[in-house]
Amino acid sequence: MVDSELESFKTQIDLRSYALGQGYQLDAKSSWRGTSVMRHPSTQDKVIIKRDMDGHYVYFSVRDDRDNGSIIDFVQNRQRLSLGTVRKELRPWTGQAPLPVPQFPALPKTEKDRMKVEAAYARMQDANAGHPYLERERLIPAALLALDRFTGRIRIDQRSNAVFPHFDQDGLSGYELKNIGFTGFASGGTKALFLSHEFPTDTKLVLCESAIDALSHAVLFPNNHARYASIGGKPNPQQPELIRAAAARMPVGGEVIAAMDADGDGRKLAEVVRAAVEMTGRHDLRFTVHEPIGHKDWNDQLRARPLPLLPYRAPEVPSVA
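All values reported here derive from a predicted model rather than from experimental measurement.

(A) Representation of the sheet that holds strand 10 (residues 171–179) within the structure. The 5 strands are arranged 7-8-9-10-11 in an open sheet whose pairing can be described as antiparallel. Of all the strands in the sheet, the pair left with one neighbour each is strand 7 (125–126) and strand 11 (182–185). As judged from the 4 bridges shared by strand 10 and strand 11, these two strands associate in the antiparallel manner. Among the inter-strand pairings, Lys178 is bridged to a residue of strand 11, identified as Thr183.

Rendered as structure tokens:
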């Protein structure tokens, strides 16, 4: 038999608000649609908060696989209270929260497979300090990975794979895995778009076939006002709409660049991007095709540069008078 009071705690109390009342802080840079990342400055605890398909607010701790569940589990795992005392603790939150906390936009419901994907991704290490495979095999400099543009968008798993997250309209949907002689994708995940961070001053959107090609393009043609995306090979039926949405997010007067491989398949993908840009109905957007010269893809062109390579430096942002 369902306990109606416990059910109301799980669905009516926004776990993010309760966590704020317990001293946790929202990590906006690590959060995205459907996912809120919160940290406690004293205990260094880091939790991921989402909504299950049944409407329950749920969480999991990045530090401890056993620390997960509903708001009931959150309270018991931190305060070691009996279930009866938990009821007393949470009853005020079903009316007026006992502490003033900001209101959050509603979290969309998330399927369990996506939660598993996100839990695995959250436990991976950020590659902003560099990545051996990307640096040694692909000649992607650590200085590029450290840019704000790519913070949190390239990670390292336990097998030292390079990990590239994919995002759809609901947030993290899966991630690509790359290493020497190995290409994979998150179990239970769905291919969408690899996306760099987007800034209001951006003037270009560069779309490539792979995340490594997008990083290579950023090395070959440094631009602090370019955002990057990739589709991970042959597009699925959902990706043209995601490309359209990415183009539609561009500031007024922006340019969308299809920077695909220099072959027949790459040119077909460029036409997919062209059609997606046209579907935005934005007449202010420019569309351009950019192909590697003398090489199949952008990473081939990067690795063919004369050695030794000069240290990568991000271009300076012009100051505004």
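(B) Molecular detail of unusual backbone geometry. The backbone of Gln44 shows a phi angle near 65°, a positive value even though the residue is not glycine. Of note, Gln44 is situated in the loop between strand 2 (36–39) and strand 3 (46–52). Looking at Gln44, the relative accessible area reads 55%, which means it is exposed. A positive phi angle is found at Ser160, which is not glycine, with a value near 65°. Relative to the helices and strands, Ser160 is located in the loop between strand 8 (155–156) and strand 9 (162–168). In this structure Ser160 comes out as partly exposed when scored by relative accessible area, which is 43%.

(C) Geometry of the pattern of salt bridges. Tallied over the full model, the rule gives 25 salt bridges. Note that Glu241 is salt-bridged to Arg244, the shortest N-O span being 2.8 Å. With Glu241 and Arg244 both in helix 9 (residues 239–248) and 3 residues apart, this pair spans about one turn of that helix. Residue classification places Glu241 among the partly exposed positions, given a relative accessible area of 42%.

(D) The pairing of strand 2, seen in detail. As paired strands, strand 1 (residues 25–26) and strand 2 are joined by 2 bridges and run antiparallel to one another. Directly across from Leu26, in strand 2, lies its bridge partner Met38. Sheet analysis places strand 2 next to strand 3, joined by 4 bridges and oriented antiparallel. Bridging from a neighbouring strand, Met38 pairs with Val47 of strand 3. Taking the residues between adjacent antiparallel strands as the criterion, strand 2 and strand 3 are bridged by 6 residues, where Gln44 takes a positive phi near 65°.

(E) Structural context of the nonpolar core. With 31 residues, the main nonpolar core has Tyr175, Leu207 and Val273 as its most contacted residues. Secondary structure elements with two or more residues in this core: helix 5 (112–122), strand 9, strand 10, strand 13 (204–208), helix 9, strand 15 (255–258) and helix 10 (264–279). When sequence neighbours within four positions are dropped, the list of residues in contact with Tyr175 reads Val117, Ala120, Tyr121, Met124, Val163, Phe164, Pro165, His166, Gly184, Phe185 and Ala186. Ranked by size, the runner-up nonpolar core spans 27 residues in total, among them Tyr133, Phe164, Val206 and Ile257.

(F) Main features of the environment of Met250. Mapping Met250 onto the fold places it in the loop between helix 9 and strand 15. Taking the C-alpha atoms as reference points, Met250 and Arg227, 23 residues apart in sequence, are found 9.4 Å from one another. Each residue touching Met250, except ones within four places of it in the same chain, is listed here: Asp202, Thr203, Lys204, Leu205, Arg227, Glu255, Arg282 and Leu285.

Criteria and thresholds
- Residues numbered from 1 in each chain as written.
- Predicted model: local features only at pLDDT ≥ 70, side-chain atom pairs only at ≥ 80, totals over all residues.
- Heavy atoms only, no water.
- Pairing = 2+ DSSP bridges.
- Helix = DSSP H or I, 4+ residues; strand = E, 2+ residues; numbered from the N terminus.
- Buried < 20%, exposed > 50% of the residue type's maximum accessible area, 1.4 Å probe, protein only.
- Salt bridge = Lys/Arg side-chain N within 4 Å of Asp/Glu carboxyl O.
- Core = buried A, V, L, I, M, F, W, Y, C linked by side-chain atoms within 4.5 Å.
- Contact = heavy atoms within 4.5 Å.

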